[in-house]
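Results of the structural survey
Below are the chains, spelled out letter by letter.
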Amino acid sequence: MRISVDRDVCIGAGQCVLTAPQVFTQDDDGLSEVLPGREDGHGSPLVREAARACPVSAITVREAERG
């Protein structure tokens, strides 16, 4: 899994941080970002729920490519 936050879309609602705090944080401007080293979701079952909770759909969750 690969997670990204489109910071041009993010409005800083913080729903992702509330839902999956082990994966997401908010910067000094209140915008969400993925914690360093957690771009793979860190095994959290709540990542997809956090993406669904985003009111502006700023979070993308992609399945890892198999190689």
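The structure contained in this document is the topic of the report that follows. From a predicted model like this one, the values you see are computed outputs, not experimental measurements.

Rules of the game
Residues numbered from 1 in each chain as written. Predicted model: local features only at pLDDT ≥ 70, side-chain atom pairs only at ≥ 80, totals over all residues. Heavy atoms only, no water. Helix = DSSP H or I, 4+ residues; strand = E, 2+ residues; numbered from the N terminus. Rg over C-alpha atoms; globule rule 2.2 N^0.38 Å. Contact = heavy atoms within 4.5 Å. Areas by Shrake-Rupley, 256 points an atom, 1.4 Å probe, with all protein chains shown as cover. Lys, Arg positive; Asp, Glu negative; His and termini not counted. Charge placed at Lys NZ, Arg CZ, Asp CG, Glu CD. Buried < 20%, exposed > 50% of the residue type's maximum accessible area, 1.4 Å probe, protein only.

1. A short note on the overall build of the chain
Tallying secondary structure elements over the chain gives two helices and four strands in all. Ordering the α and β elements of the chain from the N terminus gives β-α-β-β-α-β. Computed over C-alpha atoms, the radius of gyration of the chain comes to 11 Å, within 12% of the 11 Å expected from 2.2 N^0.38 for 67 residues, which places it in the range of a compact globule. Dimensions of the chain, computed from the C-alpha atoms along their principal axes, are close to 35 × 20 × 20 Å. Residue pairs in contact within the chain that sit at least 24 positions apart in sequence constitute 56% of those at least 6 positions apart. Surface accessibility of the chain: about 4300 Å² in total, with carbon and sulfur atoms responsible for 45%. Charge separation in the chain, taken as the distance between the mean sites of 7 positive and 11 negative side-chain charges, equals 9 Å.

2. Considerations on unusual backbone geometry
In this structure, H42 takes a positive phi of about 50° despite not being glycine. Looking at the secondary structure, you find H42 in the loop between β3 (32-34) and α2 (47-53). Even without being glycine, S57 reaches a positive phi, approximately 55°. By secondary structure assignment, the location of S57 is in the loop between α2 and β4 (59-62). By relative accessible area, S57 is classed as exposed at 59%.

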